[in-house]
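Topology and contacts: notes
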Amino acid sequence: MKAQRAPKPAPVRGMQDFLGEQAERFDHVVGRFRDVARRFGFKPVMVPVVEATSVFARTLGETTDVVSKEMYTFPDRGGDSLTLRPEFTAGICRAYVSEGWQQFAPLKLVTHGPLFRYERPQKGRYRQFHQIDAEVLGAAEPQADVELLAFADLLLKELGVAGVTLQLNTLGDAETREAWRAALVAHFSAHRDVLSEESLRRLETNPLRILDSKEPGDRALVADAPVIDAFLTAEAGAFFEAVQKGVQASGVAFERAPRLVRGFDYYRHTAFEFVSDALGAQATVIGGGRYDGLIETMGGPHTPAVGWAGGIERLMMLCGEPEVAPIEIAIVPLTVSDEGIAMELAALLRADGLRVELGFSGSEKKRFEKAKKAGAWRLLNVGNTGSGWTELRLRNLVANEDAEPVRARILRSIKRAFHHSDDPETRMIKIFGPL
RNA sequence: GCGACCGUAGCUCAAUUGGUUAGAGCGCCGGUUUGUGGUACCGGAGGUUGCGGGUUCGAGACCCGUCGGUCGCCCCA
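Below or above, wherever it landed, is the structure these notes cover. (Residues numbered from 1 in each chain as written. Chains lettered and ligands numbered in written order. Predicted model: local features only at pLDDT ≥ 70, side-chain atom pairs only at ≥ 80, totals over all residues. Heavy atoms only, no water.)

1. Some remarks on the sheet that holds strand 4 (residues 81-84)
Strands sit in the order 2-4-3 across an open sheet of three strands; the sheet is antiparallel. Each edge of the sheet is formed by a strand with only one pairing partner; in this case those strands are strand 2 (50-52) and strand 3 (72-75). Direction aside, neighbouring strands of the sheet carry axes that sit 35° apart on average. By the bridge criterion, three bridges tie strand 2 to strand 4 in an arrangement that is antiparallel. The residue bridging alanine 52 from the neighbouring strand is leucine 82, located in strand 4. Helix 2 (residues 53-60) rests against strand 2, strand 3 and strand 4 of the sheet, and its axis sits at about 75° to strand 2. (Pairing = 2+ DSSP bridges. Helix = DSSP H or I, 4+ residues; strand = E, 2+ residues; numbered from the N terminus. Axes fitted to C-alpha atoms, helices over the stretch in contact; angles between N-to-C directions. Contact = heavy atoms within 4.5 Å.)

Here's what the structure looks like:
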């Protein structure tokens, strides 16, 4: 009778495991991000995955979907309401306030990691997803916005992401936004009869979001809706002008998107999205903007700030296949008694910077097969001859123009090692080949 | 929260469209052959067809329910 197997565990809905190419792509996106960030002078920052619920509830806007129905919120054992972060900005601003980071302002920061939203999963959208994030805290100048846009643009180029366009807009300052908002409310209120149910609700809670509506009926109304430009104060207009000029000077292509708004309430002035047509329903790859008032509303000093976040899973789908450095040498002991010297060699070559795979499972044939599959350029066949000599056989298994320098390195490392060895046994080495 | 489609070996898929013992490739294990040691062949293990009901002489195929997945709506990176 067969033993009953426990039922197969499944991952939590909307959360995924990465292996192989997927994991390599993830690593690649983060790696390029870090590298480009350095070149722009951004420093790493780490903030907790969990915050007090109020950190997000207040800042994102009580009426936004994320806060009202998508947060992973739970009481901890002490009864405090905690929330798994649904985005980065609020947490970073909280840290800025609680840790007194204003002493370091202006701060150019990058971070990355998991975020959580209780949404229905689909292509490019998961309940645990990952973002790269860049923020400039304490800089009121439009140059900060420009630098952030140039950063994102260069990153996308280096990742080989094609078919992405930058959509740029301004949401103006508080005065602008108020005037525009009133005009929008007036416009949409006059056409209540044709507005979709969803948009009617938003008319009360968040009228800017009606501009995002995809309802065919709303689209026509949205097309006629007043554009923000007419309401821009002189200051807000000049700021946006400076951003556009700077972006152009930086060689970043963009489109003016007068109806682009942002999901969270804290945004002011610059708002932007890098949009792809290759992701199905999830078009935005990187999105962000300026949020000058946020830190103040959290009880901090008035601090102008800008930032963006990019979806790692989405970037993974768009970027070219990453190059993975192959194993340079596979060491294959022929018998159990050869494993000692094989391990010694492996330790040595690895310490010398070589990428080494040690094959010690399965039959001799299997070991060689695995060595080949690892992509090894060379194969060391380790074994003892009857005479007590240790026999090493260097073989070139893969045609590769880099093979010769690698062989030289291997031989150099081996020589050095055995020169320093006190064990006379291990000095008795014959190196065969290659070729 | 709503909608559409889909669930068959570890993975990717078949099964003449309701008919007998559910097949193949890859992967895994073993063997034979091969030796500039990425070859070829042979064999083996592995499935309560997501789960539960129903229709039928007969269900992997049809119906209902349920769970899961995918994609879309909503929203967002």
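2. Side note on the nonpolar core
Counting 45 residues, the largest nonpolar core has Leu137, Trp180, Phe188 and Leu211 as its most contacted members. Put simply, the parts of the chain that give this core at least two residues each are helix 2, helix 3 (65-69), helix 4 (89-98), strand 5 (107-116), strand 6 (128-137), helix 6 (174-189), helix 8 (216-224) and helix 10 (294-297). Element by element, the count of residues in this core is highest for helix 4, at five residues. Contacts of leucine 137, omitting those with residues within four sequence positions, involve Ile92, Tyr96, Ala105, Pro106, Leu107, Leu109, Tyr291, Ile295, Thr303, Pro304 and Ala305. Listed in part, the 42 residues of the second largest apolar core include Phe42, Val136, Leu159 and Leu315. (Core = buried A, V, L, I, M, F, W, Y, C linked by side-chain atoms within 4.5 Å. Buried < 20%, exposed > 50% of the residue type's maximum accessible area, 1.4 Å probe, protein only.)

3. Topic: the pattern of salt bridges
A complete count under the given rule lists 14 salt bridges for this structure. A salt bridge links arginine 32 to glutamate 158, with the shortest nitrogen-to-oxygen separation between them at 2.8 Å. Of this pair, arginine 32 sits in helix 1 (residues 21-39) while glutamate 158 is found in helix 5 (residues 142-158), placing the two residues 126 residues apart along the sequence. Residue glutamate 147 pairs with lysine 108 through a salt bridge whose shortest N-O separation is 3.0 Å. On the criterion of sequence distance, the pair formed by glutamate 147 in helix 5 and lysine 108 in strand 5 is long-range, its members being 39 residues apart. On the basis of relative accessible area, glutamate 147 is assigned to the partly exposed category, the value being 26%. (Salt bridge = Lys/Arg side-chain N within 4 Å of Asp/Glu carboxyl O.)

4. Side note on the packing of aromatic side chains
All chains considered together, the criterion is met by nine aromatic pairs. Seen in terms of ring centroids, phenylalanine 42 and phenylalanine 151 are 5.0 Å apart; in terms of plane orientation they differ by 55°. Their pairing is tilted. Of the two residues, phenylalanine 42 sits in the loop between helix 1 and strand 1 (43-44) while phenylalanine 151 sits in helix 5, which places them 109 residues apart along the sequence. According to the relative accessible area criterion, phenylalanine 151 is buried, its value standing at 0%. A centroid spacing of 5.7 Å and a plane angle of 75° characterise the contact between tyrosine 72 and tyrosine 118, whose relative ring orientation is edge-to-face. Placement of tyrosine 72 in strand 3 and of tyrosine 118 in the loop between strand 5 and strand 6 is noted, with a sequence separation of 46 residues between them. Look at tyrosine 118 and you get partly exposed, because its relative accessible area is 44%. Every member of this aromatic cluster is reached through a ring pair, and the members are Phe33, Phe40, Phe42, Phe151 and Trp308. If you follow arginine 127 out to its NZ or CZ, it ends over the ring of tyrosine 118, 3.8 Å from the centre. (Phe/Tyr/Trp six-rings, centres within 6.5 Å; stacked < 30°, edge-to-face > 60°. Lys NZ or Arg CZ within 6 Å of the ring centre and 35° of its normal.)

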